[in-house]
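# Structural overview for review
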Amino acid sequence: MNRRRIVIVGFMGSGKTTVAEALARQLGCQAIDLDSFIAERAGRSPAEIIAQDGEPAFRQIETDALLEVLEKKAVRVIALGGGAWTIAANRAMVAKHDCLSVWLDAPFELCWERIISGKAVRPLAPDRATAARLHDDRRASYELSEQHLKVSSENSARSLADEILNG
Ligand code: S3P
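Heads up: these notes are all about the structure in this document. Every value quoted in this text rests on a predicted model; they were computed, and no experiment measured them. (Residues numbered from 1 in each chain as written. Predicted model: local features only at pLDDT ≥ 70, side-chain atom pairs only at ≥ 80, totals over all residues. Heavy atoms only, no water.)

Pairing within the open sheet is parallel, and its five strands lie in the order E2-E3-E1-E4-E5. Bordering the open sheet on either side are strand E2 (30-33) and strand E5 (147-150), each of which pairs with just one other strand. Shown here is a sheet whose adjacent strand axes are inclined to one another by a mean of 20 degrees, direction ignored. Of the pairings in the sheet, the one linking strand E4 (residues 100-105) to E5 comprises four bridges and is parallel in character. Across the sheet, Leu 104 pairs through a bridge with Leu 149, a residue of E5. Helix H7 (residues 128-142) contacts strand E1 (6-9), E4 and E5 of the sheet and is inclined by roughly 150 degrees relative to E4. (Pairing = 2+ DSSP bridges. Helix = DSSP H or I, 4+ residues; strand = E, 2+ residues; numbered from the N terminus. Axes fitted to C-alpha atoms, helices over the stretch in contact; angles between N-to-C directions. Contact = heavy atoms within 4.5 Å.)

The subject of this paragraph is helix H4 (residues 55-70). In an α-helix, one full turn covers 3.6 residues, which means residues spaced three or four apart are oriented alike. Taking 1.5 Å as the rise per residue, H4 with 16 residues should run 22 Å; its terminal C-alpha atoms sit 22 Å apart, in good agreement. When H4 is considered as a whole, its buried residues turn out to be Phe 58, Arg 59, Glu 62, Thr 63, Ala 65, Leu 66, Val 69 and Leu 70. The secondary structure elements touched by the buried residues of H4 are E2, helix H2 (34-42), helix H3 (46-53), strand E3 (75-79), helix H5 (88-96) and H7. (Expected span 1.5 Å × (residues − 1). Buried < 20%, exposed > 50% of the residue type's maximum accessible area, 1.4 Å probe, protein only.)

Take helix H8 (residues 157-165) next. Restricting attention to buried positions, one finds in H8 the residues Leu 160, Ala 161, Ile 164 and Leu 165. Burial along H8 is one-sided: seen end-on, the buried residues are contained in an arc of 135 degrees. Where the residues of H8 are buried, they touch E1, helix H1 (16-27), E4 and E5. Phi for Gly 167, located one or two positions after H8, is positive at around 75 degrees. (Arc of directions from axis to C-beta.)

On to the side chain of Ser 145, then. Looking at the secondary structure, you find Ser 145 in the loop between H7 and E5. The class for Ser 145 is buried, based on a relative accessible area of 6%. Here the side chain of Ser 145 touches Tyr 142 through a polar contact of 2.7 Å, landing on its backbone oxygen. Filtering out sequence-adjacent residues up to four positions away, Ser 145 remains in contact with Val 9, Trp 85, Ser 101 and Trp 103. (Polar contact = N/O pair within 3.5 Å; in protein donor to acceptor, adjacent residues only side chain to side chain.)

A water-sized probe, rolled over the atoms, reveals where empty space remains. Applying the stated criterion to the full structure yields one cavity of 30 Å³ or more. By volume, the largest cavity is sized at about 40 Å³. In terms of lining residues, the largest cavity is bounded by Phe 11, Ser 14, Trp 103, Leu 104, Asp 105, Ala 106, His 135, Arg 139 and Tyr 142. Mapped onto the lining of the largest cavity, the elements with two or more residues apiece are E4 and H7. Looking at the lining of the largest cavity residue by residue, the class counts come to five nonpolar, two polar and two charged. (1 Å grid on protein atoms, 1.4 Å probe; cavity = no way out; pocket = protein on both sides within 12 Å on 5 of 7 lines; lining within 4 Å. Points joined across faces, edges and corners; volume = space filled by probe spheres on them. Nonpolar A, V, L, I, M, F, W, Y, C, P; charged D, E, K, R; others polar.)

Our next topic: the packing of H2 against H4. At a minimum axis separation of 10 Å, H2 and H4 run at an interaxial angle of 105 degrees. Our classification of the angle between H2 and H4 gives roughly perpendicular. Of H4, the residues touching H2 (which contributes Leu 34, Asp 35, Phe 37, Ile 38 and Arg 41) are Phe 58, Ile 61, Glu 62, Ala 65, Leu 66, Glu 68 and Val 69. Of the residues that constitute the contact of H2 with H4, the class distribution is eight nonpolar, no polar and four charged. (Parallel < 35°, antiparallel > 145°, perpendicular 65-115°, else oblique.)

A few words now on the layout of surface pockets. Size it by volume and the largest pocket reaches roughly 670 Å³. Taken together, 31 residues line the largest pocket, and the ones lying closest to its centre are Met 12, Asp 35, Ala 120, Val 121 and Arg 122. Going through the elements one at a time, H1, H2, H3, H4 and helix H6 (108-117) are the ones with two or more residues in the lining of the largest pocket. When its residues are assigned to classes, the lining of the largest pocket shows ten nonpolar, twelve polar and nine charged.

Dropping the structure here:
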């Protein structure tokens, strides 16, 4: 397969994991969710790591894990955690590994609805105002990705995966 590998970025609740899974199904390849990879390795979820060791410690674990995943050439699709793309060193690593970065640009309301109804614990989005501010602050980083995809509640993961594959 000579298609570039794909890294999905975007805010919490933008649909990164489900879109990565849909892409992997369509490409018949392997996808990795970075948060799940970290949880498996550490025996603790990202939320637990942040709560127990603090965010800076989690970011270091996340960067190490990202490098490890990028080195696995069989992995064609990677879903990042919402903060990973905001770290310049992580963006540089993704570029160095020649991956296509795709931003799922989902409006705050949609992300928030999913954050409060989902089962994942998100310590960095403890309340609506904090999450909204973070959503705003992070736009500038997400805009540095190569492909931008507007996401609404109408879009299925499958249709978003189609859009990504059709460029
Ligand atoms: C984070 C998002 C989470 C997880 C951690 C930190 C963030 O991933 O990595 O709680 O900084 O936005 P999701 O985007 O999959 O929720």
